[in-house]
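The primary structure of each chain is shown beneath.
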Number of protein chains: 2
Amino acid sequence: MKDSNLTVTAYDWVPHFAQGHVRDLRVRWALEEAGFSYNVEVMPQGTQKKPPHLKRQPFGQIPTLEIDGRSMFESGAIVWRIAEASSALLPGDGAARDQVLSWVFAGLNTIEPPIAMLATLELFVTDKDAAARLRPEIAAMVAGVLNRFVAALADAPHIVGDFSVADIVLTTVLRDVPADLLNERPSLHAYVERHTSRPAFKTALAGQMKPFVENAAKYEDAT
Amino acid sequence: MKDSNLTVTAYDWVPHFAQGHVRDLRVRWALEEAGFSYNVEVMPQGTQKKPPHLKRQPFGQIPTLEIDGRSMFESGAIVWRIAEASSALLPGDGAARDQVLSWVFAGLNTIEPPIAMLATLELFVTDKDAAARLRPEIAAMVAGVLNRFVAALADAPHIVGDFSVADIVLTTVLRDVPADLLNERPSLHAYVERHTSRPAFKTALAGQMKPFVENAAKYEDAT
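For every chain, the first residue of the written sequence is number 1, and numbering continues from 1 onward in sequence order. Throughout, the order in which chains and ligands are written sets their labels, letters from A for the former and numbers from 1 for the latter. Thresholds applied to this predicted model are a pLDDT of at least 70 for local features of residues and 80 or more for the giving and counting of side-chain atom pairs; totals over whole chains, interfaces and linings are not thresholded and use all residues. The side-chain values count all of the structure's non-hydrogen atoms but skip hydrogen atoms and water molecules.

Just checking my understanding: could you explain the relation of the copies chain A and chain B for this structure?
What relates the pair of chain copies is a rotation about an axis plus a shift along that axis. Take chain A, turn it by 180 degrees, move it 0.0 Å along the axis, and it overlays chain B with an RMSD of 0.0 Å. Overall, the copies show the geometry of a two-fold rotation axis. For chain A, the residue whose C-alpha comes nearest the rotation axis is A:Ala130, separated from it by 2.3 Å. We call two residues contacting when some pair of their heavy atoms lies within 4.5 Å. With an isologous cut-off of 70% or more, the 100% of interface residues of chain A that recur at the interface of chain B puts this contact in the isologous class. When the copies are overlaid, the least-squares fit takes in C-alpha atoms only where the residue has pLDDT of at least 70 in both copies.

Here it is in structure tokens:
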């Protein structure tokens, strides 16, 4: 993959609440950590739901990754694919590799679902009163998985041995936890800070944000 | 992995709504399709939240898979690990493999989250009135991803070429869609039927159900 022609898809603009949180971020981050050079195809808002893009991304989302002209999708799948090609993201030892794989899925299929549910209630549901009534129950579910994560991390800097793709997935999931739930868990807050202070993360974030700033006038005048 | 000593963890009993839907099902199914022999460690209800199990499964869930004495967790991670070791579950061609990987993550991180949210509203939330008010909005989100899946499947029997681990993940996710949303999409219903009629699925399901039947008296007398 190192010497392949790689292209990530990203948006030219998203609403403010999503800026810095779109899922091309973790793909850019993984590519930066791996030291793989890549192109970015910046897609105008709306084109993600049109047939040409649906052909490579059936749900009309970004990111996709093109590898020498063939395409794959889902940020989790893509970062795992990148990790398979880079010793910077995946340990060589089989047992450690299995733990990293386990944590990649735990991040996306155990930790993220209640966090995403909380975000759905706050951002996407129109019955705001019913959503507000459910928030405490869903926040308690988020707290439950966060407490399990904190216990598993203990005082380690990374979730499995050295830095790995599992930390990329977990950090991008955990930085979307509401501040009240994050800040009352100092080791969780420190875990996120430790990883978002990495140069590769900062480069990835700046890359995602650049077109949003350039296109702000175009989209924000219209709203 | 074929000649490894493999042990899956499962429960000795779960409440009726969960019977046949616990996540060791997809691991058993993958092992059956691959033709790998395995042991099952049946855990008494409650012990999954105790320290010995938390050491191998940080969230106190099942399944785990022990491979020659070392453990991994998360059903998605485990079935991917099994697929890597079996040509019955993963195509040899790189492009097809990347598509299968993409669909494994799409199943668990794009299709399942709204389905799980619907289940959470119906089963786990105590404010039933607020939950009922939100159901139509969340059901619309489920319908959205189901329609995208149906369009991507078109009239193919499996999601990527021949049967693969992606079909195991997608089928186990999609059979938890409420009947009203499933049955109004004939190709989706047929997709689930096609895969749940496979002998390996039936063996896996019977394996999960067996201890629930045997232990019904023990647990159901007490409730």
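From this point, the discussion proceeds with the structure in view.
Would you mind going over the domain arrangement of chain A with me for this structure?
How large an interface is tends to be reported as the accessible area lost when its parts come together. Residues and elements named next belong to chain A. Delimitation of the domains relies on an automatic or database domain assignment. The domain architecture assigned to chain A consists of domain 1 (6-88 + 200-220) and domain 2 (94-198). Buried surface at the junction of domain 1 and domain 2, both sides included, amounts to about 1,700 Å², of which 65% is carbon and sulfur. Accessible area that two parts lose when put together, evaluated with a 1.4 Å probe and summed over both, is termed the buried area. Considering only the surface of domain 1 that becomes buried against domain 2, Arg 26, Trp 29 and Trp 80 emerge as the three largest contributors, covering 37% of it. A carboxyl oxygen of Asp or Glu within 4 Å of a side-chain nitrogen of Lys or Arg is what we treat as a salt bridge. Viewed at the interface, domain 2 and domain 1 are joined by four salt bridges. Between Glu 112 and Arg 26 there is a salt bridge; the shortest N-O distance is 4.0 Å. Any N or O atom pair separated by 3.5 Å or less is treated as a polar contact, with the protein-specific requirement of one donor-capable and one acceptor-capable atom, and with residues adjacent in sequence counted only for side-chain atom pairs. Run the count over domain 1 and domain 2 and you get eight residue pairs in polar contact (both at pLDDT 80 or more). Strands are runs of DSSP state E lasting at least 2 residues, helices are runs of H or I lasting at least 4, and numbering of each runs from the N terminus. Of all the secondary-structure elements, those providing two or more residues to the side of domain 1 that touches domain 2 are helix 1 (24-34), helix 3 (75-84) and helix 9 (199-214).

Just to check I follow, could you spell out helix 3 (residues 75-84) of chain B for this structure?
Structurally, the α-helix is built with 3.6 residues per turn, so residues lying three or four positions apart point the same way. Each residue's exposure class comes from its accessible area (1.4 Å probe, protein chains only) as a fraction of the maximum for that residue type: buried when under 20%, exposed when over 50%, partly exposed otherwise. Burial of helix 3 of chain B is extensive: nine of the ten residues sit out of reach of the surface. Of all the residues in helix 3 of chain B, the buried ones are B:Ser75, B:Gly76, B:Ala77, B:Ile78, B:Val79, B:Trp80, B:Arg81, B:Ile82 and B:Ala83.

Where do I start with the sheet that holds strand 4 (residues 70-73) of chain A in this structure?
The strands making up a sheet are joined through hydrogen bonds of the backbone, oriented either antiparallel or parallel. Residues and elements named next belong to chain A. By definition, two strands form a pair when at least two bridges between them are found by DSSP. With mixed pairing, the four strands of this open sheet are ordered in space as 2-1-3-4. Two strands close off the open sheet at either side, each with one partner strand: strand 2 (39-43) and strand 4. Shown here is a sheet whose adjacent strand axes are inclined to one another by a mean of 25 degrees, direction ignored. Bridge analysis of strand 1 (residues 6-11) against strand 3 (residues 64-67) gives three bridges, and the strand direction is antiparallel. For helices, the fitted line uses only the C-alpha atoms of the stretch in contact; every axis is such a line through C-alpha atoms, and the angle between N-to-C directions lies from 0 to 180 degrees.

What should I look at first to understand the interface of chain A and chain B in this one?
Counting residues at the interface gives 52 residues for chain A, matched by 52 residues for chain B. Contact between chain A and chain B buries roughly 4,400 Å² in total, counting both sides, with carbon and sulfur atoms accounting for 60%. Counting the surface chain A buries against chain B, the share from its top three residues, A:Phe59, A:Phe105 and A:Arg148, is 17%. The tally of links from chain A across to chain B stands at ten salt bridges. The salt bridge involving A:Asp127 is made with B:Arg133; its shortest N-O contact spans 2.8 Å. Applying the counting criterion to the chain A and chain B interface returns 26 residue pairs in polar contact (both at pLDDT 80 or more).

For this particular structure, what's the right way to read the sheet that holds strand 1 (residues 6-11) of chain B?
Residue and element names in this part refer to chain B. Ordered by their spatial adjacency, four strands build an open sheet running 2-1-3-4, and the pairing between neighbours is mixed. Every interior strand has two partners, whereas the edge strands, strand 2 (39-43) and strand 4 (70-73), have only one. On average, each strand axis in the sheet is tilted by 25 degrees relative to the strand beside it, whichever way the strands run. Along the sheet face, helix 1 (residues 24-34) touches strand 1 and strand 2 and points at about 150 degrees away from the line of strand 1.

What am I meant to see in the nonpolar core here?
Soluble, globular proteins show a tendency: their nonpolar side chains are buried together. What makes a nonpolar core is a set of buried Ala, Val, Leu, Ile, Met, Phe, Trp, Tyr and Cys residues whose side-chain atoms join them at distances within 4.5 Å. Residues A:Ile82, A:Trp103, B:Ile82 and B:Trp103 are the most contacted members of the largest nonpolar core, which totals 133 residues. In this structure, A:Trp103 is in contact with A:Ile111, A:Phe149, A:Ala152, A:Ile159, A:Val160, A:Ala166, A:Leu170, B:Pro58, B:Phe59 and B:Phe73, ignoring residues within four places of it in sequence.

What's the story with the packing of aromatic side chains in this structure? I'm lost.
Each aromatic ring pair is specified by the distance between its two centres and by the angle formed by the two planes. Pairing of aromatic rings covers Phe, Tyr and the six-membered ring of Trp, with a centre-to-centre limit of 6.5 Å; geometry is then stacked below 30 degrees between planes, edge-to-face above 60, and tilted otherwise. Applying the stated criterion across every chain, the model contains 17 aromatic pairs over all chains. Centroid distance A:Phe73 to B:Trp103: 5.4 Å. Interplanar angle 85 degrees. Geometry classified as edge-to-face. One end of the pair, A:Phe73, is in strand 4; the other, B:Trp103, is in helix 4 (residues 94-123), on a second chain. B:Trp103 gets classed as buried once you look at its relative accessible area, which sits at 3%. Seen in terms of ring centroids, B:Trp29 and B:Phe201 are 4.9 Å apart; in terms of plane orientation they differ by 75 degrees. Their pairing is edge-to-face. In this pair, B:Trp29 is assigned in helix 1 and B:Phe201 in helix 9 (residues 199-214), connecting sequence segments 172 residues apart.

Any chance you could explain the environment of A:Val177 here in plain terms?
Residue and element names in this part refer to chain A. Here Val 177 is to be found in the loop between helix 6 (165-174) and helix 7 (179-183). By relative accessible area, Val 177 is classed as buried at 6%. With 35 residues separating them in the primary sequence, Val 177 and Val 142 have C-alpha atoms 8.3 Å apart. Other than its neighbours up to four places away in sequence, Val 177 contacts Ile 115, Leu 146 and Leu 182.

Mind showing me how you'd approach the packing of helix 5 (residues 128-153) of chain A against helix 5 (residues 128-153) of chain B here?
How two helices pack is summed up by the angle between their axes together with the distance between the axes. Viewed as axis vectors pointing N to C, helix 5 of chain A and helix 5 of chain B meet at an angle of 135 degrees, and their least axial separation amounts to 9 Å. If you check the angle between helix 5 of chain A and helix 5 of chain B, you find them oblique. In terms of crossing hand, the pair formed by helix 5 of chain A and helix 5 of chain B is left-handed. Of the residues in helix 5 of chain B, those in contact with A:Asp129, A:Ala130, A:Ala131, A:Arg133 and A:Leu134 of helix 5 of chain A are B:Asp129, B:Ala130, B:Ala131, B:Arg133 and B:Leu134. Of the residues that constitute the contact of helix 5 of chain A with helix 5 of chain B, the class distribution is six nonpolar, no polar and four charged. The cut-offs work like this: below 35 degrees is roughly parallel, past 145 is roughly antiparallel, 65 to 115 is roughly perpendicular, and the gaps in between are oblique. Definitions for this section: a left-handed crossing has its near helix turned counterclockwise from the far helix by less than a right angle. A right-handed crossing has that turn clockwise. Each residue gets one of three labels, nonpolar for Ala, Val, Leu, Ile, Met, Phe, Trp, Tyr, Cys and Pro, charged for Asp, Glu, Lys and Arg, and polar for the others, Gly among them.

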